[in-house]
Amino acid sequence: MIADPCLTASSGSGRMASSGLSILLALVFSSFSFVLSHSNRVMWFQDLFPPNVCPINAKANTFYGIMFDAGSTGTRIHIYTFVQKSPENLPELEGEIFESVKPGLSAYADQPEKGAETVKRLLDMAIDAVPPHLWKKTPVVLKATAGLRLLSEEKAQALLLEVKEVFEESPFLVPENSVSIMDGSYEGILAWITVNFLTGQLSGQNQHTVGTLDLGGASTQITFLPRFEETLKESPGDFLTSFEMFNSTYKLYTHSYLGFGLKAARLATLGALNMEAADGQMFRSSCLPKQLEAEWHFGGVKYRYGGNKEGETGFKPCYLEVLKVVKGKLHQPDEIRGSSFYAFSYYYDRAVDTNLIDYEQGGVLEVRDFERKAKEVCDNMERYNSASPFLCMDLTYITALLKEGFGFRDNTLLQLTKKVNNIETSWTLGATFHLLQSLGITY
Ligand SMILES: O=c1[nH]cnc2c1ncn2[C@@H]1O[C@H](COP(=O)(O)OP(=O)(O)O)[C@@H](O)[C@H]1O
Ligand SMILES: [Ca+2]
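Residue numbers restart at each chain and count upward from 1, following the sequence in its written direction. For naming, the first written chain is A and the first written ligand is 1, with later ones following in the order written. Given that the model is predicted, a residue must reach a pLDDT of at least 70 before its local features are reported, and side-chain atom pairs must reach 80 or more before they are shown or counted; all residues, however, enter totals for whole chains, interfaces and linings. Where side-chain values are given, they derive from all heavy atoms of the structure, hydrogens and water being excluded.

Side note on the state of the cysteines
By definition, a disulfide links the sulfur atoms of two cysteine residues through a covalent bond. Cysteine sulfur atoms that come within 2.5 Å of each other are treated as a disulfide pair. In total, this model carries 2 disulfides according to the counting rule given. In the chain, the cysteines engaged in disulfides, taken in order along the sequence, are linked 1-2, 3-4.

Quick word on the site of ligand 1
One heavy atom within 4 Å of a molecule or strand makes the whole residue count as near it. The full set close to ligand 1 counts 21 residues, and Thr-73, Arg-76, Thr-145, Asp-349 and Glu-424 are the nearest of them. Think of a polar contact as two N or O atoms within 3.5 Å of one another; within protein, one of them needs to be a possible hydrogen donor and the other a possible acceptor, and neighboring residues in sequence only count if both atoms come from side chains. A distance of 3.1 Å separates an oxygen atom of ligand 1 from a polar backbone atom of Ser-219. The side chain of Asp-349 places a nitrogen or oxygen atom 2.4 Å from an oxygen atom of ligand 1. The protein chains hide 90% of the 560 Å² of surface that ligand 1 would expose on its own. Only DSSP runs of H or I covering at least 4 residues are called helices, and only runs of E covering at least 2 are called strands; the numbering of each starts at the N terminus. Put simply, the parts of the chain that give the shell around ligand 1 at least two residues each are β3 (75-83) and α10 (346-353). Method for areas: the Shrake-Rupley scheme with a 1.4 Å probe, in which residue coverage is limited to the protein chains shown.

Thoughts on the packing of aromatic side chains
Only Phe, Tyr and Trp rings take part, Trp by its six-membered ring, and two of them pair if their centres are within 6.5 Å. Stacked means planes under 30 degrees apart, edge-to-face means over 60, and tilted covers everything else. Under the criterion given, the structure shown has 18 aromatic pairs. Ring centres of Phe-68 and Phe-167 lie 5.6 Å apart, and the angle between their planes is 35 degrees; on these two criteria the pair is classed as tilted. In this pair, Phe-68 sits in strand β2 (residues 62-70) while Phe-167 sits in helix α5 (residues 153-169), placing the two residues 99 residues apart along the sequence. Only protein chains enter the calculation, and the probe is 1.4 Å; a residue is then buried if its accessible area is under 20% of its type maximum, exposed if over 50%, and partly exposed in between. The class for Phe-167 is buried, based on a relative accessible area of 0%. Measuring from ring centre to ring centre gives 6.0 Å for Phe-224 and Phe-341, while their planes differ by 70 degrees; the resulting arrangement is edge-to-face. Taken together, the positions of Phe-224 in strand β8 (residues 219-224) and Phe-341 in strand β14 (residues 341-345) put the pair 117 residues apart, joining distant regions of the chain. The same class applies to Phe-224 and to Phe-341, which are both buried.

Remarks on the sheet that holds strand β7 (residues 211-215)
Pairing between strands is defined by DSSP: at least two bridges between them are needed. Taken in spatial order, the 7 strands line up as β9-β10-β8-β7-β14-β16-β15 in an open sheet, and their pairing is mixed. Two strands in the sheet have a free side with no partner beyond their single neighbour: β9 (240-245) and β15 (363-366). Direction aside, the axes of adjacent strands within the sheet are offset by 30 degrees on average. With 5 bridges connecting them, β7 and β14 associate as parallel partners. When the sheet's bridge partners are listed, Thr-212 is paired in β14 with Tyr-342. In the packing of helix α12 (residues 391-406) onto the sheet, contacts are made with β7, β8, β10 (248-258) and β16 (413-416), and the angle to β7 comes to roughly 135 degrees. In this description, a line fitted to the C-alpha atoms serves as the axis of each element, helices being fitted only across the stretch in contact, and the angle between N-to-C directions of two axes falls anywhere from 0 to 180 degrees. Residue contacts follow a heavy-atom distance rule, with two residues in contact if any of their heavy atoms lie within 4.5 Å.

Concerning the environment of Thr-241
Within the element layout of this structure, Thr-241 appears in strand β9. Discounting chain neighbours no more than four positions away, the residues touching Thr-241 are Ile-189, Tyr-250, Lys-251, Leu-252 and Thr-254.

Some remarks on the pairing of strand β5 (residues 140-144)
For β5, a buried count of 5 out of 5 residues is recorded, marking the element as mostly surrounded by other parts of the structure. Along β5, one buried face is formed by Val-140, Leu-142 and Ala-144 and the opposite face, lined by Val-141 and Lys-143, is buried too. One ladder, built from 3 bridges, connects β5 with strand β6 (residues 179-181); its direction is parallel. Across the sheet, residue Ala-144 finds its bridge partner in β6, namely Ile-181.

Some remarks on the UniProt feature "binding site: ATP" (unreviewed entry) in the chain
UniProt positions are given in the numbering used here, feature names are shortened, and annotations may be inferred rather than shown by experiment. With numbering aligned to this structure, UniProt lists the feature "binding site: ATP" (unreviewed entry) at Gly-217, Ala-218, Ser-219, Thr-220 and Gln-221. Among the secondary structure elements, Gly-217 is positioned in the loop between β7 and β8. Among residues more than four places away in sequence, those in contact with Gly-217 are Ser-72, Thr-73, Gly-261, Leu-262, Lys-263, Ala-264, Phe-298 and Tyr-346. By the secondary structure assignment, Thr-220 is in strand β8. Excluding anything up to four places from it in sequence, Thr-220 contacts Asp-214, Leu-215, His-255, Ser-256, Tyr-257, Phe-260, Gly-261, Tyr-347, Leu-401 and Phe-406. Looking at Thr-220, its side chain comes within polar contact range of the main-chain oxygen of Asp-214, at 2.7 Å.

Quick notes on helix α8 (residues 262-270)
Of all 9 residues in α8, 8 are buried, a share of seventy percent or more. Just downstream of α8, Gly-271 is the residue with a positive phi angle, here 80 degrees.

Considerations on the pattern of salt bridges
Close approach of charged atoms allows side chains with opposite charge to pair. Salt bridges are identified by distance alone: a Lys or Arg side-chain nitrogen within 4 Å of an Asp or Glu carboxyl oxygen. For the coordinates displayed, the defined rule picks out 20 salt bridges. With a shortest N-O distance of 2.7 Å, Glu-187 and Arg-149 are connected by a salt bridge. A residue pair is termed long-range when its members are at least 10 positions apart, and Glu-187 in helix α6 (residues 184-198) and Arg-149 in helix α4 (residues 146-149) qualify at 38 residues. Classification of Arg-149 by relative accessible area gives partly exposed; the value is 21%. One salt bridge in this structure joins Arg-284 and Glu-293, with 2.7 Å as the shortest N-O distance. In this structure Arg-284 comes out as partly exposed when scored by relative accessible area, which is 34%. By sharing partners, the salt bridges in this structure join Arg-266, Arg-350, Asp-353 and Asp-394 into a single network.

Focus: the nonpolar core
Leu-213, Ile-222, Tyr-347, Tyr-397, Leu-402 and Phe-406 are the most contacted members of the largest nonpolar core, which totals 62 residues. Per-element accounting of this core gives the leading share, 10 residues, to α12. Residue contacts for Tyr-347: discarding those within four places in its chain leaves Leu-213, Asp-214, Leu-215, Thr-220, Phe-370, Ile-398, Leu-401, Leu-402, Phe-406 and Leu-416. Residue types Ala, Val, Leu, Ile, Met, Phe, Trp, Tyr and Cys, when buried and joined through side-chain atoms within 4.5 Å, form a set referred to as a nonpolar core.

Considering the sheet that holds strand β12 (residues 293-298)
The strand order β11-β13-β12 describes an open sheet built from 3 strands, whose pairing is mixed. Of all strands in the sheet, those with a lone pairing partner are β11 (282-285) and β12, marking the two edges. Neighbouring strand axes in the sheet, compared pairwise and without regard to direction, differ in orientation by 35 degrees on average. Across 6 bridges, the pairing between β12 and strand β13 (residues 301-307) is antiparallel. Opposite Phe-298, over in β13, you have Val-301 as the bridge partner. Contacts between α8 and the sheet are confined to β11, β12 and β13, with β12 contributing the most and set at about 130 degrees to the helix.

Here is the structure:
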């Protein structure tokens, strides 16, 4: 049965989130640096919704964008819905369908077809969510982050090739370069755009943008808009990127630290990072419960790890171990000491795990709250009832990363956020804006 092009469906097995206030994209697309001419705009929509076929109706002009985040610990699909309520008005972001699978693509380094199969299963959700008459107009893109960056070129390319085949066999629009490894600096910029767009900071006159901190499995990003000339002068050249969007040019400070994600940091603390084959060697740490001996798989490699059976355990020795991983390794912009940041991904997850914040609500924390929790967990390791033996190490790493890595103060405020207006705080929304604009699916 051919669907009525004037009706749209937004059903699907995934979670459909509505942005509530229907976030206006007007400011976004009207002012891109490469805005299409008016005649181009009319052409695009005439093609999609011939005026004599569809009456102007709120649900008629819905369009979609599909963005895959191939992260080091999981693969996620974000299906964004946009609505063009009338030809005069600009589109609005209506909602998002989000689903994820674990492990990430890099776990299939030696079985690329199997890896691509996980992408196919997620893409099947989009088949249900997007009405058939819009499939051909709906772009699908996958961007991989640190997990694939850490694989050999050959293994990463094999995975990307298989994913590309899955896309090409799908009914969706497959743009050129639809499957790629994303540059780390884009990861930070696009997440910054998402958060500042969703919090309304990129519209209107009084823009008070917020900095963002993303802690992934294999890499971590810090991004903010410098306010002081000093920061621009003192930052390494490749930490500053000019980005044009929403009728403004933003000169952002952004950097992605590969190997400083939470899980990569576990390996670094254990002294096991970058070991192709861990050869059954046992890696021990004072950040783990004394009697623990276990195995862990990350990036397709198996590691054996355990506690310091005879030696010390607890926060103090653990902090010294973790300090070796971060001390002197990160650039510390003075300006961030007194500002507040939005923090998500593993910052959020570990704060939830230790009841520092509520899973649904998120919350505001100070850097020292992570330290307090790290002490509490590490100094009571045998008694602390935790789902993960790494909880002490993770909290200690977060503390050290924030204080000794980036140079934040104990009282720096962190706004822990998972969703804003029901939309995931992920670089994927920023990437979708960019995608739609580059394809001319905006005006
Ligand atoms: O869309 C999202 N919404 C919420 N959390 C996300 C999303 N995408 C990634 N995360 C979080 O990111 C962390 C995992 O990082 P990831 O697998 O992306 O590693 P990477 O960024 O180093 O490649 C987890 O804490 C996971 O909850
Ligand atoms: Ca990520």
